Amino acid sequence: MLAAQLARREIGSVLIEGGARAGLGTAFSTDEPAHVLNVRAEAMSAWPDEPDHFARAFGDPRGFAERRFFGRYLRDILDQAVANGHVELVSSKAVAATPTAEGWRVELGDGNTVTARAVALAIGNQPPEPLGIAGAAGRRFVHNPWGEDAKDAVRKAAASGGDVLLVGTGLTMIDAVLSLAAAGHRGRIVALSRRGQIPRAHADFVPAPVEQSDVPQGDVLAVWCWLRRRSGEVGWRAAVDSLRPHSQALWRSLDAGQQRRFLRHARPYWDVHRHRIAPQVARQIHDLVAEGRLEIVAGRIGAIEAIEGGLEVAIGRRGRTVETRRFAVAINCTGPLGAIERTSDPMLRGLLDEGLVRPDQLGIGLEVDQRSRAAGGERLWALGPLTKGRYWEIVAVPDIREQAAAVAEDIARELEQ
Ligand SMILES: Cc1cc2nc3c(=O)[nH]c(=O)nc-3n(C[C@H](O)[C@H](O)[C@H](O)COP(=O)(O)OP(=O)(O)OC[C@H]3O[C@@H](n4cnc5c(N)ncnc54)[C@H](O)[C@@H]3O)c2cc1C
């Protein structure tokens with residue numbers, strides 16, 4: 001989206017993509033029809049000033065498109081910018097970025113180099129690191145739910161019919177369950193998290209917008225109490241969505257201690273109400289639970305032991321004794337890497353080590369200013385999930401497209417000087 005925004009301003013860019021999915025990223029490079037958007041088509045336009053751009057392409061503004069369809073939509077936009085000569089695609093991993101007198105030099109994994117006057121880091125979520133659970137290793141424990149190993153595990157579990165353990169019960173778990181079902185898996189699936197909360201379903205509701213001044217600022221508990229009261233008055237979907245236009249400002253009103261409190265206590269509940277799933281997906285999940293094929297467990301994993309043909313896992317259910325279950329495979333669905341300092345991306349590692357970027361106040365992304373410029377480097381921007389420490393609500397398309405437009409404008413201004 002940033003490359004397309006720059007192209008609109010006739011600014012040339014080089015888009016470096018290391019995963020052979022330029023324009024699609026992790027979310028929209030899936031080839032599975034079962035993976036649908038969790039945002040209605042009417043909110044998924046790539047262009048903030050043309051809000052129905054994607055809905056027109058999809059044909060049903062209130063519907064939920066397949067993610068691969070949205071991927072093709074983004075790719076078309078990118079291809080147009082390439083055809084117009086504004087974007088050059090480079091298929092290689094960026095492994096280092098160094099400031100120069102003219103701007104930046106980016107070294108690539110294939111040995112080539114790209115020079116540029118400015119750099120924007122749009123490298124998305126960092127893959128999760130191995131879970132710190134004894135025995136969570138080996139080929140039967142998949143750490144990265146978005147990699148080839150996970151696809152392979154799904155195929156093998158479907159072929160063997162063995163039971164599958166999914167660690168985490170959020171949107172990544174939903175994706176994994178859908179993949180298993182689509183692959184014809186007939187075994188049982190256990191999805192486990194500390195609270196056992198799963199994403200709620202989208203449904204129609206009467207919006208109940210509020211002014212920012214109606215909502216308490218600077219205090220997580222006060223916002224939470226407000227949200228509960230308001231949910232009682234107008235319904236929880238209307239209450240949660242009424243905070244959308246204000247969520248970045250609300251987040252900024254919290255000090256680091258309050259933000260940490262939100263992450264620790266409120267986030268699991270906020271996520272499942274705020275990031276909802278398509279009704280058809282919710283129905284499928286409901287049916288799988290009703291058939292006894294999917295079990296959502298609130299609990300903790302004790303030890304994991306590799307056994308012949310799978311894993312033996314000790315599961316401590318909330319308020320109950322520990323039980324041992326056997327699984328053919330386990331997939332980590334706990335979400336992206338939480339601590340940016342532990343990134344394994346060599347370019348990001350180098351930038352952190354050189355002090356050209358630094359972690360935000362919570363350590364979940366990079367510190368950026370109000371223009372998304374990275375603290376530490378000159379002419380260096382960061383976008384998307386990398387900036388969630390500053391904005392929090394910056395991981396979905398409706399927010400990222402605004403950021404992409406604003407950053408393109410800022411880059412244009414900067415390069416004019
Ligand atoms: C599974 C999933 C489903 C989602 N579904 C929705 C949805 O339905 N609706 C919605 O609005 N949002 C959804 N999101 C959230 C949102 O769309 C993503 O967070 C968003 O796509 C992030 O965009 P990005 O460009 O910052 O990162 P990404 O889309 O992840 O793109 C980053 C790209 O950078 C590449 N890369 C990383 N490091 C390097 C490097 N060093 N060198 C070269 N290339 C590199 C990666 O290969 C990747 O292709 C979903 C996210 C996920 C993970």
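Placed above this text is the structure.
Novice: What's the story with the overall build of the protein in this structure? I'm lost.
Specialist: Across its full length, the protein carries 14 helices and 14 strands. Against the 2.2 N^0.38 benchmark of 22 Å for 417 residues, the protein shows a C-alpha radius of gyration of 22 Å, consistent with a compact globule. When its C-alpha atoms are laid out on the principal axes, the protein stretches across 65 × 55 × 45 Å. Burial statistics for the protein: of 417 residues in total, 48% are counted as buried. Taking as baseline every contact in the protein between residues at least 6 positions apart, the subset at least 24 positions apart corresponds to 64%. By element, 49% of the accessible surface of the protein is carried by carbon and sulfur atoms, the whole surface being about 19700 Å².

Novice: Help me understand the packing of aromatic side chains in this model?
Specialist: The relative placement of two aromatic rings is captured by the distance of their centres and the angle of their planes. The tally for this structure, following the rule as stated, stands at ten aromatic pairs. The interplanar angle of 65° and the centroid separation of 4.8 Å between the aromatic rings of F54 and Y73 together place this pair among those described as edge-to-face. Remark: Y73 occurs in helix α4 (residues 67-83) and F54 occurs in helix α3 (residues 53-58); sequence separation between them is 19 residues. Among the residues examined, Y73 registers a relative accessible area of 7% and is labelled buried.

Novice: I tried to follow the sheet that holds strand β3 (residues 94-99) on my own but got confused; where do I start?
Specialist: Either a parallel or an antiparallel arrangement is found when strands of a sheet pair, and the pairing is made through backbone hydrogen bonds. Strand order in the open sheet formed by three strands is β3-β4-β5, and the pairing between neighbours is antiparallel. Among the strands making up the open sheet, the edge pair consists of β3 and β5 (113-116). Taking each pair of neighbouring strands and ignoring which way they run, the sheet shows an average axis angle of 20°. With five bridges joining them, β3 and strand β4 (residues 104-108) adopt antiparallel strand pairing. In the sheet register, P99 faces β4, and the bridge partner there is W104. Contacts from helix α12 (residues 346-353) reach β3 and β4 within the one sheet, and its direction differs from that of β3 by about 30°.

Novice: Where do I start with the site of the ligand in this structure?
Specialist: Near the ligand lie 31 residues; those nearest to it are E17, N38, A94, V395 and V397. Between N38 and the ligand, the recorded distance is 2.8 Å, taken from a backbone N or O atom to an oxygen atom. V397 places a polar main-chain atom, nitrogen or oxygen, 2.8 Å from an oxygen atom of the ligand. Compared with its free state, where it exposes 990 Å², the ligand has 86% of that area covered by protein. At the level of secondary structure, the elements contributing two or more residues to the shell around the ligand comprise β1 (13-17), α2 (25-28) and α14 (397-416). Of the residues that constitute the shell around the ligand, the class distribution is 17 nonpolar, eight polar and six charged.

Novice: In this structure, what is going on with the pattern of salt bridges? I would like to understand it.
Specialist: Pairing of side chains with opposite charge becomes possible as their charged atoms draw close. Inspection of every chain in the model, using the stated rule, returns 37 salt bridges. Across the salt bridge formed by D52 and R56, the nearest N and O atoms sit 2.8 Å from each other. Looking at D52, the relative accessible area reads 37%, which means it is partly exposed. Several salt bridges converge on common partners, so that one network encompasses R8, D49, E50, D52 and R56.

Novice: What am I meant to see in α14 here?
Specialist: Residues separated by three or four positions in an α-helix point in the same direction, a consequence of the helix having 3.6 residues per turn. Its 20 residues place the ends of α14 28 Å apart at the C-alpha level, agreeing with the 28 Å of an ideal helix rising 1.5 Å per residue. The buried fraction of α14 is high, at 15 of 20 residues.

Rules used throughout
- Residues numbered from 1 in each chain as written.
- Predicted model: local features only at pLDDT ≥ 70, side-chain atom pairs only at ≥ 80, totals over all residues.
- Heavy atoms only, no water.
- Helix = DSSP H or I, 4+ residues; strand = E, 2+ residues; numbered from the N terminus.
- Rg over C-alpha atoms; globule rule 2.2 N^0.38 Å.
- Buried < 20%, exposed > 50% of the residue type's maximum accessible area, 1.4 Å probe, protein only.
- Contact = heavy atoms within 4.5 Å.
- Areas by Shrake-Rupley, 256 points an atom, 1.4 Å probe, with all protein chains shown as cover.
- Phe/Tyr/Trp six-rings, centres within 6.5 Å; stacked < 30°, edge-to-face > 60°.
- Pairing = 2+ DSSP bridges.
- Axes fitted to C-alpha atoms, helices over the stretch in contact; angles between N-to-C directions.
- Near = heavy atom within 4 Å.
- Polar contact = N/O pair within 3.5 Å; in protein donor to acceptor, adjacent residues only side chain to side chain.
- Nonpolar A, V, L, I, M, F, W, Y, C, P; charged D, E, K, R; others polar.
- Salt bridge = Lys/Arg side-chain N within 4 Å of Asp/Glu carboxyl O.
- Expected span 1.5 Å × (residues − 1).

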